[in-house]
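Structural characterization, general
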Amino acid sequence: MAVAVAALVVAANASSGAYFSQSWGWVALAFLVPTTLLIILDRVRVPGRLRVALVALMGGLAVWIALSSIWSLSPSASGREAERMLVYVAIALAVALVLRRGDAAGVYCGAAVGVVAVASYGLATRLFPDRFGFDDDSFNAYRLAEPLGYWNSFGLLAALAAILAVGVVAHTRRSSLAFVAGATVPLSTAALYFTFSRGSWMALGFGAATTIALDPRRIRTLWSLLAVGPVAIVGVIYASRQDALTTADSPLAIATQQGHRVAWVLAALVVLAGALGWLAHRIAGSVPLRRRERRIADVALAIAVCSAVVVALVAVGGPAAGISKLRDRFEAAPTAAGPDLNDRLFSISSNGRTETLGLAWDVGMEHPVGGRGAGTYEYVWYERRPSGQIVRDAHSLYAETFSELGIVGLFLLAAALTVPIVAAVRARRTRFVAPAFGAYATWAAAASLDWHWEMVGLTTTALLVGSVGLLAAERRSGGALDAGSRLALVGVTGTLSVLAVWSLVGNQALFAAREAVTRRDWSEARDDARRAQALLFWSHEPELVLGDVAAGTGDRAGALAVYRDAVAEDPRNWVAWLHVAQVARGAERAAAYDRVHELNPREEGLPGE
């Protein structure tokens, strides 16, 4: 089980975080195929109530997303979101039907291995750019993002790796595993550092705090953290003093030289952290604490935390003043992109999130029951954005869900994500449940201020980690499924598998067509786009590609006809209207440009205008 989970985590995150739609089909099938086979072979048991609740709520959310296409601003965008939900429903079904109570430790360790492997690969691209290559694009701006493609999501994944590794040191029964897990912590924190992601550092602190708060053996967890944490901090401090690794546009030769130097230092710290993790595990095992001693330690820890909070509040002038200062700094202008990326770590500016969150709240309040339809936030943003920010999401899973799916959708989402938390609280005394809860809760909290939900690989990892508590919360195995239930479940998983294959083939064809257009291979692009058009009948994107093919071959009339079809498919899409404007003539051309300005009034310098 651990090997399978690790492979899924690595594969999903290595494919650009499975952010793009051509990955959703195969990720869903990776869960649906074994689930279907085990049902057919009568190898599944009746799941517990919490796992059934997870499937019901996640399925209900998927149905509500699909239904939202009826009233959606863009049925095409809503259909796209329904495709993504295939993955999350598939995961819920696999957690409910494939996994068993005894698999909790295997799922935990597999997820830990997977995220450490991905974080280590990303770190290697920074330290060994001469061998692995470092993709410094304008979006990530020298912040470590590979292989996910988004620095905040990669930073969060690295934070999860550190949390899970410390959990292994604290909870494993084998000293050798404590050594291995402890050794990975300097790698994960170094990878996190090179993202220069402020949110990821806060996520790491939140994850550590929630793990300690839930864990009945919190003294052991805290002891393990204190053993390996300082070594990881030394690695981060040393890395932060390498100018070529922390300054944008540094010469490759110097960055490579300094990267190799950091790699040697980290190699030594890896051995030291492993040894300290082993030693901490051995000492914790040989010095058991009685219940009275644990209570005294818990009280002392609570007093220390409360005292720190009081001192902090006094230092800022009281709760009201502290909240006011925090709000002012959060709402401050976006941080300037200076050459030294260390500077951004000490700012808590929201970088425009107050605008995106505010608009999401306003739209949700205007349409509180069903929202404007799944996937439509981008449309509303371009129509009503208060600044020139270019965004696709509200940078908050919960605010965006409220704006797109209303109270109903927000309730279904919140209830589905709460199920693993309830299970973890019930099973908190079981090994690995507390750090798994800490990692899952960290993702859920981070999703409130960023678009991690759209990073399917990262969300898949979080849901698998969250399933550890679901499995441990069940006190006994369920009975065998009856023939009727098996038949019904095969029908469900079989139907979802067909839809996943449909999505996979259609999106692979769409992306192949786009690549062919960039190569100016018009014949291949046309064939792939037509195949995508036949399969992704709810989407306007194949029509745009077909129009590009016609325009590229000089067929203005053909391009205009196909672009008109794209507009008819998605009439609120300003990009589709821009395509019409660029090939139309006369009054139709002027009307198309006017429509672009209506849908995106802040866009300036439109091509061809």
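Preceding this section is the structure that the text describes.
Below is a summary of the structure that appears in this document. Because the structure is predicted, anything quoted here is derived from the model rather than measured. Here, residues in each chain are numbered from 1, in the same order as that chain's written sequence. It should be noted that, the model being predicted, local features are given only for residues of pLDDT at least 70 and side-chain atom pairs only at 80 or more, the latter also being counted only at that level, while totals for whole chains, interfaces and linings use all residues. Note that water and hydrogens are dropped before the side-chain values are worked out from all heavy atoms of the structure.

1. Some thoughts on the overall build of the protein chain
The secondary structure listing takes helices from DSSP runs of H or I that are at least 4 residues long and strands from runs of E that are at least 2 residues long, numbered from the N terminus. In terms of helices and strands, the protein chain carries 24 helices and 0 strands. Only protein chains enter the calculation, and the probe is 1.4 Å; a residue is then buried if its accessible area is under 20% of its type maximum, exposed if over 50%, and partly exposed in between. Across the 609 residues in the protein chain, those meeting the buried criterion constitute 52%. Contacts: residue pairs with any heavy atoms within 4.5 Å of one another. Put simply, of all contacts in the protein chain between residues at least 6 apart along the chain, 74% involve residues at least 24 apart. Total accessible area computed for the protein chain in this model is approximately 26000 Å², and 64% of it derives from carbon and sulfur atoms. Accessible areas in this description were obtained via Shrake-Rupley with a 1.4 Å probe; residue shielding takes into account the shown protein chains only.

2. Details of unusual backbone geometry
When glycine is set aside, most residues are seen to have a negative phi, and most peptide bonds are trans. Put simply, Glu 146 and Pro 147 share a cis peptide bond, and its omega is 5°. Although it is not a glycine, Ser 16 adopts a positive phi angle of roughly 55°. Tracing the backbone through its elements, the reader meets Ser 16 in the loop between helix H1 (2-14) and helix H2 (24-40). The phi torsion at His 395 lies on the positive side, around 60°, for a residue other than glycine.

3. A short note on the nonpolar core
Judged by nonpolar contacts, the single largest core of 128 residues is most densely connected at Met 58, Met 85, Tyr 88, Phe 194 and Trp 443. Non-local contacts of Phe 194, meaning those with residues more than four positions away in its chain, are made with Leu 123, Arg 126, Leu 127, Tyr 142, Arg 143, Leu 144, Ala 239 and Leu 245. Remark: nonpolar core denotes a set of buried residues (Ala, Val, Leu, Ile, Met, Phe, Trp, Tyr, Cys) joined through side-chain atoms within 4.5 Å. Counting 30 residues, the second largest nonpolar core, distinct from the first, contains Tyr 382, Ala 394, Trp 574 and Leu 578.

4. Concerning the side chain of Thr 221
Structurally, Thr 221 can be placed in helix H9 (residues 218-240). A relative accessible area of 5% means that Thr 221 is categorised as buried. Residue contacts for Thr 221: discarding those within four places in its chain leaves Val 166, Ala 170, His 171, Thr 211, Ile 212 and Asp 215.

5. A look at the side chain of His 171
Structurally, His 171 is set in helix H6 (residues 151-171). Classification of His 171 as buried rests on a relative accessible area of 5%. Whenever a nitrogen or oxygen atom comes within 3.5 Å of another N or O atom, the pair is scored as a polar contact, on the condition that within protein one atom can donate a hydrogen and the other can accept it, and that pairs from neighbouring residues in sequence are kept only if both atoms are in side chains. Within the local environment of His 171, its side chain forms a polar contact with the side chain of Arg 217, the two groups lying 3.5 Å apart. If we ignore the near neighbours within four places in the chain, the residues touching His 171 are Asp 215, Arg 217, Thr 221, Arg 431, Phe 432 and Pro 435.

6. Thoughts on the packing of aromatic side chains
Pairing of aromatic side chains requires ring centres within 6.5 Å, counting the rings of Phe and Tyr and the six-membered ring of Trp. Pairs whose planes differ by under 30 degrees are stacked, by over 60 edge-to-face, and all others tilted. A full pass over the atoms with the stated rule returns 16 aromatic pairs. A ring pair is formed by Trp 361 and Phe 402, whose centres lie 5.5 Å apart and whose planes are at 40°; its orientation type is tilted. Of this pair, Trp 361 sits in helix H14 (residues 353-366) while Phe 402 sits in helix H16 (residues 397-426), and the two are 41 residues apart along the sequence. Among the residues examined, Phe 402 registers a relative accessible area of 8% and is labelled buried. Here a set of aromatic residues connected by ring pairs shows up, and it is made of Tyr 19, Phe 20, Tyr 150, Trp 151, Trp 451 and Phe 511. One residue, Arg 126, lies across the ring of Tyr 142, its end atom 4.3 Å from the ring centre. In our convention, an over-ring charge means Lys NZ or Arg CZ found within 6 Å of a ring centre and within 35 degrees of that ring's normal.

7. As for helix H8 (residues 198-214)
In an α-helix, one turn spans 3.6 residues; hence positions three or four apart end up facing the same way. Take the residue count of a helix, subtract one, and multiply by 1.5 Å to get its expected span. The end-to-end C-alpha separation of H8 is 25 Å, in line with the 24 Å expected for 17 residues at 1.5 Å each. Every buried residue of H8 is accounted for by Arg 198, Ser 200, Ala 203, Leu 204, Gly 207, Thr 210, Thr 211, Ile 212 and Leu 214.

8. Some details on the environment of Ala 209
You can see Ala 209 is positioned in helix H8. Here Ala 209 falls in the partly exposed class, since its relative accessible area comes to 45%. A sequence separation of 229 residues divides Ala 209 from Gly 438, and the C-alpha atoms of the two residues are 7.8 Å apart.

9. Looking at empty space enclosed by the protein
Two kinds of site are reported from a 1 Å grid over the protein atoms alone, namely cavities, where a 1.4 Å probe fits but cannot get out, and pockets, open sets with protein on both sides within 12 Å along at least five of seven lines, and residues are called lining when an atom falls within 4 Å of a point. Grid points are joined across faces, edges and corners, and a volume is the space filled by probe spheres set on the points. For the structure on display, the rule yields 4 cavities of 30 Å³ or more. When its volume is computed, the largest cavity comes out at roughly 130 Å³. Among the elements of the structure, helix H3 (49-67) and H16 are those that each provide at least two residues to the lining of the largest cavity. Ranked by residues supplied to the lining of the largest cavity, first place goes to H16 with 6 residues. Throughout this entry, Asp, Glu, Lys and Arg are counted as charged residues, while Ala, Val, Leu, Ile, Met, Phe, Trp, Tyr, Cys and Pro are counted as nonpolar. The remaining residues, Gly among them, count as polar. Considering only residue class, the lining of the largest cavity consists of 7 nonpolar, 2 polar and 4 charged. For the second largest cavity, the calculated volume is near 80 Å³. If you trace the second largest cavity, you find 13 residues lining it, with Arg 45, Arg 51, Leu 99, Arg 100 and Gly 478 closest to the centre.

10. Re the environment of Pro 34
Its location among the elements puts Pro 34 in helix H2. It is 9.9 Å that separates the C-alpha atoms of Pro 34 and Leu 97, two residues lying 63 residues apart in sequence.

11. Some remarks on a positive patch on the surface
Within this analysis, patches are made of residues with over 30% relative accessible area and no salt bridge. Like charges are joined at 9 Å or less; nonpolar side chains (Val, Leu, Ile, Met, Phe, Trp, Tyr) at 5 Å or less. For salt bridges, the criterion is a side-chain nitrogen of Lys or Arg within 4 Å of an Asp or Glu carboxyl oxygen. By the counting rule applied here, Lys and Arg register as positive and Asp and Glu as negative, while His and the ends of each chain are not counted. Charge placement uses NZ in Lys and CZ in Arg. For Asp and Glu, CG and CD serve respectively. There is a patch of like positive charges on the surface, built from Arg 173, Arg 217, Arg 428 and Arg 429. With respect to the helices and strands, the residue Arg 217 is situated in the loop between H8 and H9.

12. So, a nonpolar patch on the surface
Residues Phe 179, Val 180, Trp 223, Trp 278, Leu 279 and Ile 283 make up a contiguous nonpolar surface patch of roughly 530 Å² in combined accessible area. Where the nonpolar patch is concerned, the elements lending two or more residues are helix H7 (175-193) and helix H11 (252-286). Summarising the element assignment, Phe 179 is placed in helix H7.

13. A few points about the packing of H7 against H8
Axes here refer to lines fitted to C-alpha atoms; in helices the fit is confined to the stretch in contact. Angles between the N-to-C directions go from 0 to 180 degrees. Look at H7 against H8: their axes get within 9 Å of each other, and the N-to-C directions meet at 145°. Taking contact as the criterion, the partners of Thr 189, Leu 192 and Tyr 193 in H7 are, on H8, Ser 200, Trp 201 and Leu 204. When its residues are assigned to classes, the contact of H7 with H8 shows 4 nonpolar, 2 polar and no charged.

None of the figures reported here should be taken as evidence of function without further support.
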